[in-house]
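Commentary on secondary and tertiary structure
Each chain is listed here by its residues.
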Amino acid sequence: FCIVFLEADAAIAARSCDTLREDITAHDWGALHPELSVTLSIGVSDQAAVDSHERLLADADTHLYRAKHQGRNRVCWAGDAAHELLQRVSAVDPS
């Protein structure tokens, strides 16, 4: 499914998605099945300069697959990736 946040930047959308993810993860799904646990991986895009909704969804999809690759149950977006890259660079060269 797709959620569109009008007039919100990616950081605000990612925080809202993370709240949704936390709520879904914390919900008691036991009424459906006693051993059921549900997680949520989300990819967020704010590529306003793209020329089609297909490219916007493709960018979000790229971040979704990154979330799944990193262990699922998380929200990933371009700002998140930039933060991770800076952390890796700082770990290699602390100067």
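You'll find the structure just up there.
Residues numbered from 1 in each chain as written. Predicted model: local features only at pLDDT ≥ 70, side-chain atom pairs only at ≥ 80, totals over all residues. Heavy atoms only, no water.

Points about the layout of surface pockets
- Its volume calculated, the largest pocket comes out at about 680 Å³.
- Every residue lining the largest pocket is counted, 27 residues in all, and those nearest its centre are Cys 2, Ile 3, Gly 43, Ser 45 and Ala 60.
- Every element with two or more residues in the lining of the largest pocket is listed here: helix H1 (10-26), strand S1 (42-44) and helix H2 (53-69).
- Of all the elements, H2 adds the most residues to the lining of the largest pocket, at six residues. (1 Å grid on protein atoms, 1.4 Å probe; cavity = no way out; pocket = protein on both sides within 12 Å on 5 of 7 lines; lining within 4 Å. Points joined across faces, edges and corners; volume = space filled by probe spheres on them. Helix = DSSP H or I, 4+ residues; strand = E, 2+ residues; numbered from the N terminus.)

Quick look at the pattern of salt bridges
- Scanning the entire structure with this criterion turns up three salt bridges.
- When the shortest N-O distance is used, the salt bridge between Arg 21 and Asp 18 registers 2.7 Å. In this pair, Arg 21 and Asp 18 are both assigned in helix H1, three residues apart and thus about one turn of the helix distant.
- The exposure class assigned to Arg 21 is buried, which follows from its relative accessible area of 12%.
- Owing to a relative accessible area of 25%, Asp 18 belongs among the partly exposed residues under this scheme.
- Ionic contacts of the salt-bridge type, sharing partners, join the residues Asp 18, Arg 21 and Glu 22 into one network. (Salt bridge = Lys/Arg side-chain N within 4 Å of Asp/Glu carboxyl O. Buried < 20%, exposed > 50% of the residue type's maximum accessible area, 1.4 Å probe, protein only.)

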